[in-house]
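Next come the chains, spelled out residue by residue.
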Amino acid sequence: GIQVEQSPPDLILQEGANSTLRCNFSDSVNNLQWFHQNPWGQLINLFYIPSGTKQNGRLSATTVATERYSLLYISSSQTTDSGVYFCAVTYNFNKFYFGSGTKLNVKP
Amino acid sequence: NAGVMQNPRHLVRRRGQEARLRCSPMKGHSHVYWYRQLPEEGLKFMVYLQKENIIDESGMPKERFSAEFPKEGPSILRIQQVVRGDSAAYFCACGGNTGELFFGEGSRLTVL
């Protein structure tokens, strides 16, 4: 299967700081999504981004499929950004492979 | 989460009992995926279904676990003779032809 590695595994930020989360994958994909799992366990869609760049408020994401990585940028972080960020990829939509996540803690 | 409904949200079972978890995709979504998440861990793929068909069940234990997605009604993940190690959060994710996944809020199973 496709190996998905996320880095860093843990991240502590002071409120207002910026950060970049990375997702590397081992094989060609035609679907990549970023999710945020909040402290209550809900999984929220952030970006559906098989390639290119998208922005949504303070968040943006870039996927370079040919180089097998995606980046999630968080600017001006807020305490509500805390939680775990997951990257998920698939090639043929049969199975989505998840990374182990980046656990983010934003301190006030 | 685009209206993906899972129930029950919380389920407590004693060892040896059966657990049934339900997932109702939003209208137009015919792809259902079940994932299991242990505390402080990532999401582990269990099974991928389309209406009336199991497409990939490579992540599901061979014994005690089964899944279905009938023509009418929700997808059901069934765990027979539960053991303590089955305690986890079970998430259903659904998608349509765009390939974008949407998750339900999960069912948290506790086995006493």
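Below is a summary of the structure that appears in this document. Just so we're clear, the structure is a prediction, and the values are computed from it rather than from any experiment.

**A look at the interface of chain A and chain B**
Part 1 of the reasoning: Each partner contributes to the interface: chain A provides 18 residues, whereas chain B provides 22 residues.
Part 2 of the reasoning: Contact between chain A and chain B buries roughly 1700 Å² in total, counting both sides, with carbon and sulfur atoms accounting for 52%.
Part 3 of the reasoning: For the chain A face of the interface with chain B, the top three residues by lost area are Leu43(A), Asn94(A) and Phe98(A), together amounting to 29%.
Part 4 of the reasoning: Where chain A meets chain B, there are two salt bridges.
Part 5 of the reasoning: Between Lys95(A) and Asp56(B) there is a salt bridge; the shortest N-O distance is 3.9 Å.

**Overview of the state of the cysteines**
Part 1 of the reasoning: Within this structure, the stated rule accounts for two disulfides over all chains.
Part 2 of the reasoning: Across the disulfide, Cys23(A) is cross-linked to Cys87(A) (sulfur-sulfur distance 2.0 Å). Judged by the sign of its S-S torsion, about -55°, the cystine formed by Cys23(A) and Cys87(A) is left-handed. Remark: Cys87(A) occurs in strand β9 (residues 83–90) and Cys23(A) occurs in strand β3 (residues 19–25); sequence separation between them is 64 residues. Summarising the burial analysis for this pair, Cys23(A) and Cys87(A) share the class buried.
Part 3 of the reasoning: At a sulfur-sulfur separation of 1.8 Å, the disulfide partner of Cys23(B) is Cys92(B). Its S-S torsion of about -45° marks the bond between Cys23(B) and Cys92(B) as left-handed, since a negative value means left-handed. Taken together, the residues Cys23(B) in strand β3 (residues 19–24) and Cys92(B) in strand β9 (residues 88–95) connect sequence positions 69 residues apart.

**Quick word on the sheet that holds strand β8 (residues 75–79) of chain B**
Residue and element names in this part refer to chain B.
Part 1 of the reasoning: A sheet is described by the order of its strands in space; here four strands give the open sequence β1-β3-β8-β7, paired in antiparallel fashion. Strands with a single pairing partner mark the edges of an open sheet, and in this sheet they are β1 (5–7) and β7 (65–68). The average undirected angle you get between the axes of adjacent strands in this sheet is 15°.

**A closer look at the pattern of salt bridges**
Residue and element names in this part refer to chain B.
Part 1 of the reasoning: Within the structure shown, the criterion is met by seven salt bridges over all chains.
Part 2 of the reasoning: The closest approach of N and O atoms between arginine 64 and aspartate 86, which form a salt bridge, is 2.7 Å. On the criterion of sequence distance, the pair formed by arginine 64 in the loop between β6 (53–56) and β7 and aspartate 86 in the loop between β8 and β9 is long-range, its members being 22 residues apart.
Part 3 of the reasoning: By relative accessible area, which is 3% here, aspartate 86 ends up buried.
Part 4 of the reasoning: When salt bridges with common partners are traced through the structure, they connect Glu18, Arg20 and Arg78 into a single cluster.

**Things to note about the nonpolar core**
Part 1 of the reasoning: Formed by 24 residues in total, the largest nonpolar core has its most connected members in Val32(B), Trp34(B), Met46(B), Leu77(B) and Tyr90(B).
Part 2 of the reasoning: At the level of secondary structure, the elements contributing two or more residues to this core comprise β3, β4 (31–37), β5 (43–50), β7, β8, β9 and β11 (107–111) of chain B.
Part 3 of the reasoning: Element by element, the count of residues in this core is highest for β9(B), at four residues.
Part 4 of the reasoning: Each residue touching Val32(B), except ones within four places of it in the same chain, is listed here: Cys23(B), Pro25(B), Val47(B), Tyr48(B), Leu49(B), Phe69(B), Ser75(B), Cys92(B), Ala93(B) and Cys94(B).
Part 5 of the reasoning: Counting residues in each nonpolar core, the second largest holds 22 residues, with Phe47(A), Ile49(A), Cys87(A) and Val89(A) among its members.

Procedures and definitions
- Residues numbered from 1 in each chain as written.
- Chains lettered and ligands numbered in written order.
- Predicted model: local features only at pLDDT ≥ 70, side-chain atom pairs only at ≥ 80, totals over all residues.
- Heavy atoms only, no water.
- Contact = heavy atoms within 4.5 Å.
- Buried area = accessible area lost by both parts, 1.4 Å probe.
- Salt bridge = Lys/Arg side-chain N within 4 Å of Asp/Glu carboxyl O.
- Disulfide = S-S within 2.5 Å.
- Helix = DSSP H or I, 4+ residues; strand = E, 2+ residues; numbered from the N terminus.
- Buried < 20%, exposed > 50% of the residue type's maximum accessible area, 1.4 Å probe, protein only.
- Pairing = 2+ DSSP bridges.
- Axes fitted to C-alpha atoms, helices over the stretch in contact; angles between N-to-C directions.
- Core = buried A, V, L, I, M, F, W, Y, C linked by side-chain atoms within 4.5 Å.

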